[in-house]
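These are the residues of each chain, in order.
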Amino acid sequence: MPKKTIGRIDKVDFPTLDLFDIDVKIDTGAFTSSMHCHKVIEEDNLLKCLFFDKEHQNYNKKIIVFKNYTTTKVKSSNGMVQNRYMVKTSVLLFNKKYKIDLTLSTRSEMKYPILIGRKFLSKKFIVDINLKNLSYKQKEINQKTQN
């Protein structure tokens, strides 16, 4: 199957999380994909995540509960190793649904609430850093032609 070209940033949907048009940064320097989560509470075998980011209205004040989650060690760019929660969900890119693993981290100081890393990109996408919002533009075209 041919690889799809993706730009350095995009807007994607996470339909099972009820999150739409979320800004993502394609990060070939990161192995795992990561999602900003303001607060994480583990209780009664559930992981409750509060998403709060005044810069991203689609993300603001949303609580999502995960039944299935794990922990994993993630090495940051500065060499520090952190234990992070990891959840499985799906992402909609170029009108196709993909499974994705996301580690949960505090990214409140970052411009993009979600990083898409190499583990997800591998064998599916080629990154062209000169392009942006390719999936989102395709979504807009499809919505216009359906109306």
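Description of the structure in this document. All residue numbers refer to positions counted from 1 along the written sequence of the respective chain. Note on the predicted model: pLDDT of at least 70 is required for a residue's local features to be given, and 80 or more for side-chain atom pairs to be given and counted; whole-chain, interface and lining totals, by contrast, use all residues. Think of the side-chain values as coming from all heavy atoms in the structure, minus any hydrogens and water.

A few words now on the overall build of the chain. What counts as a helix is a DSSP run of H or I of at least four residues, what counts as a strand is a run of E of at least two, and both are numbered from the N terminus. Counting its regular elements, the chain contains 2 helices and 12 strands. Starting at the N terminus, the α and β elements of the chain follow one another as β-β-β-β-β-β-β-β-β-β-β-α-β-α. Against the 2.2 N^0.38 benchmark of 15 Å for 147 residues, the chain shows a C-alpha radius of gyration of 15 Å, consistent with a compact globule. Along the first, second and third principal axes, the C-alpha set of the chain runs to 45 × 35 × 30 Å. The size measure is the radius of gyration over C-alpha atoms, and the globule rule it meets is 2.2 Å times the number of residues to the 0.38 power.

The next thing to look at is the sheet that holds strand S7 (residues 62-66). The 3 strands are arranged S5-S6-S7 in an open sheet whose pairing can be described as antiparallel. The open sheet terminates on both sides in strands that have one partner only, identified here as strand S5 (39-43) and S7. Between one strand axis and the next, the sheet turns through 20° on average, direction left out of account. By this definition, two strands are paired if DSSP reports at least two bridges between them. To get an axis, a line is fitted to the C-alpha atoms, and for a helix only the part in contact is used. The angle between two axes follows their N-to-C directions and goes from 0 to 180 degrees.

In this structure, Phe14, Met35, Val91, Leu93, Ile116, Phe120 and Phe125 are the most contacted members of the largest nonpolar core, which totals 29 residues. Taken together, the elements giving at least two residues each to this core come down to strand S2 (9-14), strand S3 (19-26), strand S6 (46-51), S7, strand S9 (81-93), strand S10 (96-105), strand S11 (114-116) and helix H1 (118-121). A contact between two residues is defined here by any heavy atoms of the two lying within 4.5 Å. Ignoring any residue separated from it by four or fewer positions in sequence, one finds Leu93 in contact with Ile6, Val12, Tyr98, Phe120, Phe125 and Ser135. As used here, the term nonpolar core means buried Ala, Val, Leu, Ile, Met, Phe, Trp, Tyr and Cys residues forming a set that is joined through side-chain atoms within 4.5 Å. Buried, partly exposed and exposed residues are distinguished by accessible area as a fraction of the type maximum, computed with a 1.4 Å probe on protein chains only: under 20%, between the cut-offs, and over 50%, respectively.

This part covers unusual backbone geometry. For Asn45, which is not a glycine, the phi torsion comes out positive at approximately 60°. With respect to the helices and strands, the residue Asn45 is situated in the loop between S5 and S6. Even without being glycine, Asn95 reaches a positive phi, approximately 60°. Within the secondary structure, Asn95 is located in the loop between S9 and S10.

For the rest of this paragraph, the subject is the side chain of Lys139. Within the element layout of this structure, Lys139 appears in helix H2 (residues 134-146). The class of Lys139 is buried, set by a relative accessible area of 17%. Any N or O atom pair separated by 3.5 Å or less is treated as a polar contact, with the protein-specific requirement of one donor-capable and one acceptor-capable atom, and with residues adjacent in sequence counted only for side-chain atom pairs. Looking at Lys139, its side chain comes within polar contact range of the side chain of Asp13, at 2.9 Å. In contact with Lys139, not counting residues within four places along its chain, are Asp13 and Asp21.

A few words now on the pattern of salt bridges. By definition here, a salt bridge exists when the distance from a side-chain nitrogen of Lys or Arg to a carboxyl oxygen of Asp or Glu is within 4 Å. A full pass over the atoms with the stated rule returns 6 salt bridges. Lys11 is paired through a salt bridge with Asp23; the nearest N and O atoms lie 2.9 Å apart. With Lys11 in strand S2 and Asp23 in strand S3, this residue pair connects regions lying 12 residues apart in the sequence. Note on Lys11: relative accessible area 27%, which makes it partly exposed. Two residues, Glu43 and Lys48, come together in a salt bridge whose shortest N-O distance is 2.6 Å. Residue classification places Glu43 among the partly exposed residues on the basis of a relative accessible area of 35%. Overall, the relative accessible area of 27% leaves Lys48 in the partly exposed class.

As a further point, take a positive patch on the surface. Candidates for patches are residues over 30% relative accessible area with no salt bridge; among them, like charges are joined within 9 Å and nonpolar side chains (Val, Leu, Ile, Met, Phe, Trp, Tyr) within 5 Å. Throughout, the Shrake-Rupley method with a 1.4 Å probe supplies accessible areas, and for residues the shown protein chains are the sole cover considered. His residues and chain termini do not enter the charge count, which takes Lys and Arg as positive and Asp and Glu as negative. The atoms used to mark charge sites are NZ of Lys, CZ of Arg, CG of Asp and CD of Glu. A contiguous patch of positive charge on the surface is contributed by Arg8, Lys111, Lys132 and Lys137. Position of Arg8 among the secondary structure elements: in the loop between strand S1 (4-6) and S2. Looking at Arg8, the relative accessible area reads 37%, which means it is partly exposed.

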